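# Geometric and topological summary
In case you want the letters, here they are:
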Amino acid sequence: MKEGVLFDLVDELTSGAGIGRMERIVHEGALTLGRRYLFDEDHGRHVAALALSLFDQLTGVHGLEPRDRRILPAGAIPHGIGQHISYAKHHRHSLYLILHSEIPGIAPNELPLVALVARYHRRAETRRSHYLYRDLSHPGRRRVERLAALLRIADSLDREHLQRVHGVEARVREHRLELRLERRGRLLLEQWALRKKGKLFARLFGLEPYVTFDAAARPA
């Protein structure tokens, strides 16, 4: 794995270098929304970078379209803004706040997708009875599930909000998804979180996520 790949991606997301104009607009809009609710910006940026890295590496697995690459960070960056209201059920609060906001570069008919991706970063998986999700077409539900599965993995890899994962390389190994991590620290909570949050990915794609570590990396 190239050293610093994830850091480079974070820099690109921050500066706009190497990404399209529309993606820059979406990124800045999502940051503006998050700042309005005093979110953990370092965590939001880092999770979005991890999620996009996974998106790009796993195109042959998730089958999503290029336009979904805008939806993902739009939901990933501000996924935790619901904590501004209350930590309890903050995923639902995040949905409400995003749904009733504007993110430049995201069309009105795409905003429910963004809100649902953020909503499903934790707790219960998608259900047909869930608010907003029940109103989507089958293709819309499919997009939300698959994007949320990527976000859940990314969020689990920053469980302590300390940005200990420096890079991730995803490889399909038989019926498992190997996530080779560059990291500092032992990542005990992150591995625990991945076992829980990786279940949606495993259900959708038949690949159970698990972590391995870069041989050159040393625990802190």
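Structure's up top.
The sections below set out a description of the structure shown in this document. (Residues numbered from 1 in each chain as written. Predicted model: local features only at pLDDT ≥ 70, side-chain atom pairs only at ≥ 80, totals over all residues. Heavy atoms only, no water.)

When its secondary structure is counted, the chain shows 10 helices and three strands. Counting all 220 residues of the chain, 55% fall into the buried class. Considering only contacts in the chain between residues 6 or more positions apart, those separated by 24 or more positions represent 69%. A total accessible area of about 10600 Å² is found for the chain, and carbon and sulfur atoms account for 49% of it. (Helix = DSSP H or I, 4+ residues; strand = E, 2+ residues; numbered from the N terminus. Buried < 20%, exposed > 50% of the residue type's maximum accessible area, 1.4 Å probe, protein only. Contact = heavy atoms within 4.5 Å. Areas by Shrake-Rupley, 256 points an atom, 1.4 Å probe, with all protein chains shown as cover.)

One pass over the full model with this rule turns up 13 salt bridges. One salt bridge in this structure joins Arg 35 and Glu 41, with 2.8 Å as the shortest N-O distance. Of the charged contacts in the structure, one is a salt bridge between Arg 164 and Glu 160, with a shortest N-O distance of 2.7 Å. On the accessibility criterion, Glu 160 (32% relative accessible area) is partly exposed. Three or more residues joined by partner-sharing salt bridges are found here, namely Glu 23, Asp 56 and Arg 69. (Salt bridge = Lys/Arg side-chain N within 4 Å of Asp/Glu carboxyl O.)

The next subject is the packing of helix α3 (residues 41–57) against helix α5 (residues 68–76). With their axes 9 Å apart at the nearest point, α3 and α5 run at an angle of 155 degrees to one another. In terms of orientation, α3 lies roughly antiparallel with respect to α5. Between α3 and α5 lies a crossing whose hand is right-handed. Of the residues in α5, those touching α3 at Gly 44, Ala 48, Ala 51, Leu 52, Phe 55 and Asp 56 are Asp 68, Arg 69, Leu 72, Pro 73 and Ala 76. Among the residues forming the contact of α3 with α5, the class breakdown is seven nonpolar, one polar and three charged. (Axes fitted to C-alpha atoms, helices over the stretch in contact; angles between N-to-C directions. Parallel < 35°, antiparallel > 145°, perpendicular 65-115°, else oblique. Left-handed = near helix turned anticlockwise from the far one by under 90°. Nonpolar A, V, L, I, M, F, W, Y, C, P; charged D, E, K, R; others polar.)

This brings us to the nonpolar core. The biggest cluster of nonpolar side chains holds 60 residues, and the ones touching the most others in it are Ile 98, Ile 103, Leu 179 and Phe 201. If one sorts the elements of this core by residue count, helix α8 (residues 138–156) sits on top with eight residues. For Ile 98, the contacting residues outside a window of four places in its chain are Leu 33, Pro 78, Ile 81, Ile 103, Leu 111, Val 114, Ala 115 and Ala 118. (Core = buried A, V, L, I, M, F, W, Y, C linked by side-chain atoms within 4.5 Å.)

Another aspect to go through is the packing of aromatic side chains. One pass over the structure, following the stated rule, counts two aromatic pairs. Look at Tyr 120 and Tyr 133: their rings are 6.0 Å apart centre to centre, the planes differ by 80 degrees, and that puts the pair in the edge-to-face class. Of the two residues, Tyr 120 is situated in the loop between α7 (111–119) and α8 and Tyr 133 in the loop between α7 and α8; the sequence distance between them amounts to 13 residues. Residues Phe 201 and Phe 205 carry aromatic rings whose centres are separated by 4.6 Å and whose planes lie at 55 degrees to one another, so their mutual orientation is tilted. Within this pair, Phe 201 and its partner Phe 205 are both found in helix α10 (residues 199–205), separated by four residues, close to a single helical turn. Here Arg 176 stacks its cationic end above the ring of Tyr 210, 3.8 Å away from the centre of that ring. (Phe/Tyr/Trp six-rings, centres within 6.5 Å; stacked < 30°, edge-to-face > 60°. Lys NZ or Arg CZ within 6 Å of the ring centre and 35° of its normal.)

Sheet topology places strand β1 (residues 165–173) next to strand β2 (residues 176–183); eight bridges connect them, and they run antiparallel. From the neighbouring strand, Arg 171 faces β2, where its bridge partner is Glu 178. The turn linking β1 back onto β2 is made up of two residues, and Glu 174 within it adopts a positive phi angle of 55 degrees. (Pairing = 2+ DSSP bridges.)

This part takes up the environment of Arg 35. Here Arg 35 shows up in helix α2 (residues 21–36). If near-sequence neighbours (up to four positions away) are discounted, Arg 35 is found in contact with Glu 41 and Arg 45. Among the polar contacts listed, one links the side chain of Arg 35 to the side chain of Glu 41, at a separation of 2.8 Å. (Polar contact = N/O pair within 3.5 Å; in protein donor to acceptor, adjacent residues only side chain to side chain.)

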